[in-house]
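Structural characterization, general
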Amino acid sequence: MTAGGRADVVVVGAGVIGAAVAWRTAQRGLSVVLVDPAPGCGASYAAAGMLAPVAEAAYGEETLLGLCLDSAARYPAFLAELRGACDVPVARTSGATVVVALDGDDLRALDRLSDYHDELGLPVRRLTGRDCRRLEPLLSPRVRGGLSVEGDHAVDPRALVQALLAAGARRGVRLVRRSASSLLVESGSARGVRLDTGEDLTADVVVVAAGSWSGPTGPLGGLPAHLVPPVRPVKGQVLRLRGEPGPAGLTRTVRGWAHGAPVYVVPYGDGRVVLGATSEEMGFNTDVTAGGAYELLRDALALVPGLAELELVEATARLRPATPDNAPLIGPTAMPGLVLATGHYRNGVLLAPVTADALAGFLATGVPAGEVSAFSPRRFSATAQQVSR
Ligand code: GLY
């Protein structure tokens, strides 16, 4: 079967963002082709799937926090709809996230986060060390304090991508397992992509959701500088452990600091646990290193010593697509027909519902969605033009 052809919309990249955009857009009655040589094998494959806008809130990123809270609020309905649209179950944690601190410096970091939550009016409960262990008995007796964040949860991102692909397929999304090598441009407008087979896939709109490959190394690399998204890879290493399912296991996501090092531990409730993550500016390198694995185990075991009993089943490194302001690029670009859904950095899984809803609405009606207006890709093209002048 030919990989080329025509559609209303071509989505480049079948990670959690691309797959969600494709499904939602097909629901609006548009024909969609999703292009990816290895669907779900990029950043989504390593992600722990935390839906943790409050625990991950960062100073100076209040606009992004608003988008994260919006998307988190959409998750229950999004997953319920997905359940009805395919046969792939997606596990979601139910207990609150607990953020913990081990030593005096860690407690000071916790205080700062707690003050920030108070400033923003975010619902968080302060805990003593004993409160922390009452909530989560597997925490180390050395944990000195913490926060309970009732609204922060996690989903299994690998299952989520498979569910989105299955739901999309039911809606007629055609999956092409090839790479897009370049953008097709006609009279200044995007008109599709050329595949690595040399075939052309034409479309009225191209949505680039290729994560770290949305930047200069991807199919948009040949465009003028002001049109190439400023996305760079930030490597994250994670470890996957497996224990017995059941009440003896960890019941909630634990994040925090172990002697200054940030770490998180995410249990899916079925014995599987993810430990993450390193944050490394190493270009496109995805080696798993002994040092990375050592630090993750050291820090996670300091918070939850019982993890030492679990089987170590996987070590993975993938690339988060980061932007200069840590916020995503969602919406139309200065080139007609070229739309971005990329640069989600640490929040790809969390931001999938709001990104997909906003873009599907835009693609169906031509009206840009208000909830993502602050994340327009054009906020950077102005800077790029000034710099290149
Ligand atoms: N949001 C988790 C991470 O980027 O590691």
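Since the model is a prediction, treat every value here as computed from it, not as a measurement.

Another point: the packing of aromatic side chains. Two measures describe an aromatic ring pair: the distance that separates the ring centres and the angle between the ring planes. Counted according to the given criterion, the structure contains four aromatic pairs. With a centroid separation of 5.7 Å and 70° between ring planes, the pair formed by W23 and F78 is classed as edge-to-face. Residue W23 is located in helix α1 (residues 16-27), and its partner F78 is located in helix α3 (residues 62-85); the two are separated by 55 residues in the primary sequence. By the burial criterion, W23 is buried, and F78 matches it. Taken together, W23, Y75 and F78 form an aromatic cluster joined through their ring pairs. One Lys or Arg, R158, reaches over the ring of Y45 and ends 3.5 Å from the middle of that ring.

Look at helix α6 (residues 157-170): 20 Å from first C-alpha to last across 14 residues, which is about the 20 Å you get at 1.5 Å a residue. Of all the residues in α6, the buried ones are P157, A159, L160, V161, A163, L164, L165, A167 and G168. The inward-facing, buried residues of α6 contact α1, β2 (32-35), α2 (43-46), α3 and α8 (348-365). Once α6 finishes, G172 follows within two positions and takes phi at roughly 95°, a positive value.

This brings us to the nonpolar core. Ranked by size, the top nonpolar core spans 53 residues in total, and within it V11, Y75, L160, L164 and V207 carry the most contacts. Of all elements in the fold, only β1 (5-12), α1, β2, α3, α6, β11 (200-208), β18 (338-342) and α8 reach the threshold of two or more residues within this core. Here this core gets ten residues from one element, more than from any other, and that element is α8. V35, A190, V228 and L329 belong to the second largest nonpolar core, which has 27 residues in total.

Another point: the site of the ligand. In the vicinity of the ligand, the residues found are M50, E56, Y264, A277, R320 and R346. Interatomic distance of 2.5 Å between a side-chain N/O atom of Y264 and an oxygen atom of the ligand. R346 places a main-chain nitrogen or oxygen 2.9 Å from a nitrogen atom of the ligand. Burial of the ligand by the protein amounts to 88% of the accessible area it has alone, namely 200 Å². Across the shell around the ligand, the residue classes break down as three nonpolar, no polar and three charged.

A few words on the environment of P324. Position of P324 among the secondary structure elements: in the loop between β16 (311-322) and β17 (329-332). Under the relative-accessibility criterion, P324 is labelled exposed at 55%. Linking P324 and R232, residues 92 residues apart in sequence, is a C-alpha distance of 8.7 Å. If near-sequence neighbours (up to four positions away) are discounted, P324 is found in contact with P230, R232 and F380.

As summarised here, the arrangement of the eight strands in space is β5-β6-β4-β13-β14-β15-β12-β16, forming an open sheet in which the pairing is mixed. With one partner strand each, in any of the chains shown, β5 (125-128) and β16 form the two edges of the open sheet. Across this sheet, the average inter-strand angle for adjacent strands is 20°, counted without regard to direction. As defined by bridge partners, strand β4 (residues 97-101) adjoins strand β6 (residues 145-149) across five bridges and the pair is classed as antiparallel. Across the sheet, the residue bridging to V100 is G146, located in β6. With respect to the sheet, helix α7 (residues 290-303) is in contact with β4, β12 (232-242), β13 (254-258), β14 (261-267) and β15 (272-276), its orientation differing from that of β12 by roughly 55°.

About the cut-offs
Residues numbered from 1 in each chain as written. Predicted model: local features only at pLDDT ≥ 70, side-chain atom pairs only at ≥ 80, totals over all residues. Heavy atoms only, no water. Phe/Tyr/Trp six-rings, centres within 6.5 Å; stacked < 30°, edge-to-face > 60°. Helix = DSSP H or I, 4+ residues; strand = E, 2+ residues; numbered from the N terminus. Buried < 20%, exposed > 50% of the residue type's maximum accessible area, 1.4 Å probe, protein only. Lys NZ or Arg CZ within 6 Å of the ring centre and 35° of its normal. Expected span 1.5 Å × (residues − 1). Contact = heavy atoms within 4.5 Å. Core = buried A, V, L, I, M, F, W, Y, C linked by side-chain atoms within 4.5 Å. Near = heavy atom within 4 Å. Polar contact = N/O pair within 3.5 Å; in protein donor to acceptor, adjacent residues only side chain to side chain. Areas by Shrake-Rupley, 256 points an atom, 1.4 Å probe, with all protein chains shown as cover. Nonpolar A, V, L, I, M, F, W, Y, C, P; charged D, E, K, R; others polar. Pairing = 2+ DSSP bridges. Axes fitted to C-alpha atoms, helices over the stretch in contact; angles between N-to-C directions.

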